[in-house]
Amino acid sequence: MPGGAYPQVAGGAYPQLEPEWVDEVLLAGPADDVCLHLGEPVSRAELRRLVADRHRGLADAGLRRGGSVALCLAPSLAFIANLPRLVADRRAGVPCWTTGLTQYEVDAALQRLLPQVV
């Protein structure tokens, strides 16, 4: 996009991404490409496997399209493996917060948001 701008739709909202964007953009490329480095290199094949594993795990936990999940993870490979499919599949509500919150703050957020999966 020119000047780093994102295309906008009516009302100033950003366009909805289709679920395929995860495969077509984030996970695209040769399997042996290093796409992340979090203490050690992570290949695109490994990231694909991790994202697919988390997708299956969340589905097995009962999460369905339109459901909600709360992520409370430190910035990590686990966070990266969980988030793409949740956003791409338009799961209703994916609140994320840092591990720096107190247990009281986490409990209050969970009580207010009532996610299906934490």
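Small disclaimer: the values here were computed from a predicted structure and weren't measured.

Trainee: So what's going on with the overall build of the chain? Which residues, and what values?
Mentor: The secondary structure content of the chain amounts to 4 helices and 4 strands. Mapped from its N terminus to its C terminus, the chain presents α and β elements in the order α-β-β-α-β-α-β-α. For the chain, the residues scored as buried account for 25% of the 118 residues in total. In the chain, of all internal contacts separated by at least 6 residues, the share reaching a separation of at least 24 is 61%. As displayed, the chain offers around 7,600 Å² of accessible surface, 58% of which is attributable to carbon and sulfur atoms.

Trainee: Which residues make up the nonpolar core, and what are the values?
Mentor: Of all hydrophobic cores here, the largest spans 7 residues; its members are Leu 58, Leu 63, Val 69, Leu 71, Phe 79, Leu 86 and Val 117. Counting residues in hydrophobic clusters, the runner-up holds 5 residues, among them Val 22, Leu 27, Leu 47 and Val 51.

Trainee: Account for unusual backbone geometry, with residues named and values stated.
Mentor: Backbone geometry at Leu 114 places phi at a positive 50°, although glycine is not the residue there. Mapping Leu 114 onto the fold places it in the segment after helix H4 (103–113). For Leu 114, a relative accessible area of 63% corresponds to the exposed category.

Trainee: Summarise the side chain of Asn 82; cite the residues concerned and give the values.
Mentor: Structurally, the position occupied by Asn 82 is in helix H3 (residues 77–88). Judged by its relative accessible area of 8%, Asn 82 falls in the buried class. Reaching out from Asn 82, the side chain makes a polar contact with the side chain of Arg 54 at a distance of 3.1 Å. What Asn 82 contacts, discounting residues up to four positions off in sequence, is Arg 54, Leu 58, Leu 71 and Leu 73.

Trainee: Describe the pairing of strand S1 (residues 34–37), naming the residues involved and giving the relevant values.
Mentor: Both S1 and strand S2 (residues 41–43) contribute to a ladder of 3 bridges, which runs antiparallel. Its bridge partner lying in S2, Val 34 is registered against Ser 43. What sits between S1 and S2 in their antiparallel hairpin is a turn of 3 residues, with Gly 39 showing a positive phi close to 90°.

Trainee: Which residues make up the pattern of salt bridges, and what values do they have?
Mentor: Scanning the entire structure with this criterion turns up 3 salt bridges. A salt bridge links Arg 49 to Glu 46, with the nearest nitrogen and oxygen atoms 2.6 Å apart. Of this pair, Arg 49 and Glu 46 both sit in helix H2 (residues 44–60), 3 residues apart, which is roughly one turn of that helix. A residue is classified by how much of its surface remains accessible, and Arg 49, at 41% relative accessible area, is partly exposed.

Definitions and limits used
- Residues numbered from 1 in each chain as written.
- Predicted model: local features only at pLDDT ≥ 70, side-chain atom pairs only at ≥ 80, totals over all residues.
- Heavy atoms only, no water.
- Helix = DSSP H or I, 4+ residues; strand = E, 2+ residues; numbered from the N terminus.
- Buried < 20%, exposed > 50% of the residue type's maximum accessible area, 1.4 Å probe, protein only.
- Contact = heavy atoms within 4.5 Å.
- Areas by Shrake-Rupley, 256 points an atom, 1.4 Å probe, with all protein chains shown as cover.
- Core = buried A, V, L, I, M, F, W, Y, C linked by side-chain atoms within 4.5 Å.
- Polar contact = N/O pair within 3.5 Å; in protein donor to acceptor, adjacent residues only side chain to side chain.
- Pairing = 2+ DSSP bridges.
- Salt bridge = Lys/Arg side-chain N within 4 Å of Asp/Glu carboxyl O.

Such coordinate-based values are descriptive only and should not be taken to indicate function.
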